Amino acid sequence: MSEAGIIDGKVHAQALWRRVADEVAWLKAEHGVQPGLAVVLVGDDPASQIYVRSKGEQSRAAGMYSVTHRLDAQTPQAEVVALVAALNADPAIDGILVQLPLPSAIDEQAVVEAIDPDKDVDGLSVVNAGRLATGRPGLTPCTPLGCMILLRATLGDLTGLNAVVVGRSVLVGRPMAQLLLAADCTVTIAHSRTRDLPGLCRQADILVAAVGRPAMIRGDWIKPGATVIDVGINRVPFSDPAKAAEGRTKVVGDVDFKEARRVAGWITPAPGGVGLMTVACLLANTLTAAKRSRGLVESFPGGAEGR
Ligand SMILES: NC(=O)c1ccc[n+]([C@@H]2O[C@H](COP(=O)([O-])OP(=O)(O)OC[C@H]3O[C@@H](n4cnc5c(N)ncnc54)[C@H](OP(=O)(O)O)[C@@H]3O)[C@@H](O)[C@H]2O)c1
């Protein structure tokens, strides 16, 4: 039996980044506009520092104005909200991203809701969730947006396909389901209380795993020929006992890749799939916000997911 085709996140992310960079150059040349992205990092979480650095580097490389505000972990919530308010009012800034998680003393949702919804390039505010749910133009969370771009590029028209999304988080599962619904899929959302999850997954033409459990989805859960999008990023010890003994870890997805590849038609690797799309989508959202606020024709009509 033939193996599933690999949906290469690197190739798609580079193509999207290139498209954004070209648009930014055009905006500057034709309209004198340089889209601006502000990233706010509170505290010194090592993973967050890496993500924030990459967002800054990639936005600058695409020709955007990019600024990172690094605040001490002890910064009071009111001060973070005041910074967000200043960025809301700053005409040089089109997109604001507050890197999550925030220190436990800060109410994350309160900070996210302080962001002007038209600058909320992470798409996590209630206003943008509502816009997505009601089919109005908004800003869509970057990870599900990236999944949608991969699906469109691989399958084209998704009309009528059965999609199962495993996971119902505000960050991934819910917006993913909304995007698939908007693309005329028949959508089921599964979660930790779902009965007969393997049987449900076997009905899916499109299976999206956003769970956070290493290799939970096995090969025999997958319908032959299905397209599998693995959002999971899980750190596990190396299977090689010598490396594991050194405390070394590797990243695996929510899907058992080896098993799934023998059954699926298409699959995203993890790492190397969805994760690489997230920053490119952040830049696409910043470009969309910059154009919308100036009444310019959007680069991604109907949204960057390519409807
Ligand atoms: N850039 C990226 O690629 C990116 C971005 C974000 C997240 N991720 C990764 O994606 C994964 C999911 O992230 P998240 O933020 O959505 O996680 P989350 O908020 O923890 O949500 C996990 C979801 O999975 C469900 N779940 C947990 N155990 C389950 C089980 N045994 N069977 C069925 N469903 C189960 C939960 O159900 P309940 O609601 O019933 O608890 C919940 O809805 C993580 O590995 C994360 O690291 C990747």
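Quick note: structure is the one above.
Reading guide: rules and limits
- Residues numbered from 1 in each chain as written.
- Predicted model: local features only at pLDDT ≥ 70, side-chain atom pairs only at ≥ 80, totals over all residues.
- Heavy atoms only, no water.
- Helix = DSSP H or I, 4+ residues; strand = E, 2+ residues; numbered from the N terminus.
- Rg over C-alpha atoms; globule rule 2.2 N^0.38 Å.
- Buried < 20%, exposed > 50% of the residue type's maximum accessible area, 1.4 Å probe, protein only.
- Contact = heavy atoms within 4.5 Å.
- Areas by Shrake-Rupley, 256 points an atom, 1.4 Å probe, with all protein chains shown as cover.
- Lys, Arg positive; Asp, Glu negative; His and termini not counted.
- Charge placed at Lys NZ, Arg CZ, Asp CG, Glu CD.
- Phe/Tyr/Trp six-rings, centres within 6.5 Å; stacked < 30°, edge-to-face > 60°.
- Lys NZ or Arg CZ within 6 Å of the ring centre and 35° of its normal.
- Pairing = 2+ DSSP bridges.
- Polar contact = N/O pair within 3.5 Å; in protein donor to acceptor, adjacent residues only side chain to side chain.
- Near = heavy atom within 4 Å.
- Nonpolar A, V, L, I, M, F, W, Y, C, P; charged D, E, K, R; others polar.

Visitor: Sorry, what's going on with the overall build of the protein here?
Guide: When you go through the protein residue by residue, the secondary structure sums to eleven helices and eleven strands. In terms of overall size, the protein behaves like a compact globule, its C-alpha atoms giving a radius of gyration of 20 Å where 307 residues would be expected to give roughly 19 Å. Dimensions of the protein, computed from the C-alpha atoms along their principal axes, are close to 55 × 45 × 35 Å. Burial status across the protein gives 46% buried among its 307 residues. The contacts of the protein with a sequence gap of at least 6 include a subset with a gap of at least 24, amounting to 67%. Accessible surface, the protein as shown: approximately 14,200 Å² in total, 54% of it carbon and sulfur. Of the charged side chains in the protein, 31 are positive and 32 negative, and the gap between their average positions amounts to 4 Å.

Visitor: Looking at this structure, how should I read the packing of aromatic side chains?
Guide: We describe a pair of aromatic rings using the distance from one ring centre to the other and the angle between the two ring planes. Using the criterion set out here, one finds zero aromatic pairs in the structure. In this arrangement the basic side chain of Lys-243 is found over the ring face of Phe-238, its NZ or CZ atom lying 4.8 Å from the centre.

Visitor: Got a minute to help me understand the sheet that holds strand E1 (residues 5–6) in this structure?
Guide: By way of backbone hydrogen bonds, the strands of a sheet pair with one another, either parallel or antiparallel. With parallel pairing, the six strands of this open sheet are ordered in space as E1-E11-E8-E7-E5-E6. On the outer flanks of this sheet lie E1 and strand E6 (186–190), each paired with one strand and no other. Where strand E5 (residues 162–166) and strand E7 (residues 206–209) come together, four bridges link them in parallel fashion. In the sheet register, Ala-163 faces E7, and the bridge partner there is Ile-206.

Visitor: Would you mind showing me how to read the side chain of Asn-234 here?
Guide: The topology assignment puts Asn-234 in strand E9 (residues 234–237). Look at Asn-234 and you get buried, because its relative accessible area is 7%. A polar atom in the side chain of Asn-234 sits 3.0 Å from the backbone oxygen of Gly-253. A distance of 2.9 Å separates polar atoms of two side chains, one belonging to Asn-234 and the other to Asp-254. Ignoring sequence-local partners within four residues, the contact set of Asn-234 consists of Gly-212, Arg-213, Pro-214, Lys-250, Val-251, Val-252, Gly-253 and Asp-254.

Visitor: Where do I start with the environment of Lys-291 in this structure?
Guide: Within the secondary structure, Lys-291 is located in helix H11 (residues 274–293). Under the relative-accessibility criterion, Lys-291 is labelled buried at 3%. Distance from Lys-291 to Leu-27, taken between C-alpha atoms, is 8.7 Å for residues 264 residues apart in sequence. Setting aside chain neighbours within four positions, we find Lys-291 in contact with Glu-23, Trp-26, Leu-27, Leu-296, Val-297, Glu-298 and Ser-299.

Visitor: Explain the site of the ligand here, please?
Guide: Close to the ligand lie 21 residues, the nearest being Arg-168, Ser-169, Ser-192, Arg-213 and Thr-278. Contact between the ligand and Ser-192: an oxygen atom at 2.6 Å from a side-chain N or O atom of the residue. For the ligand, the accessible surface in isolation is 930 Å², of which the surrounding protein chains cover 71%. Class assignment for the residues of the shell around the ligand results in nine nonpolar, ten polar and two charged.

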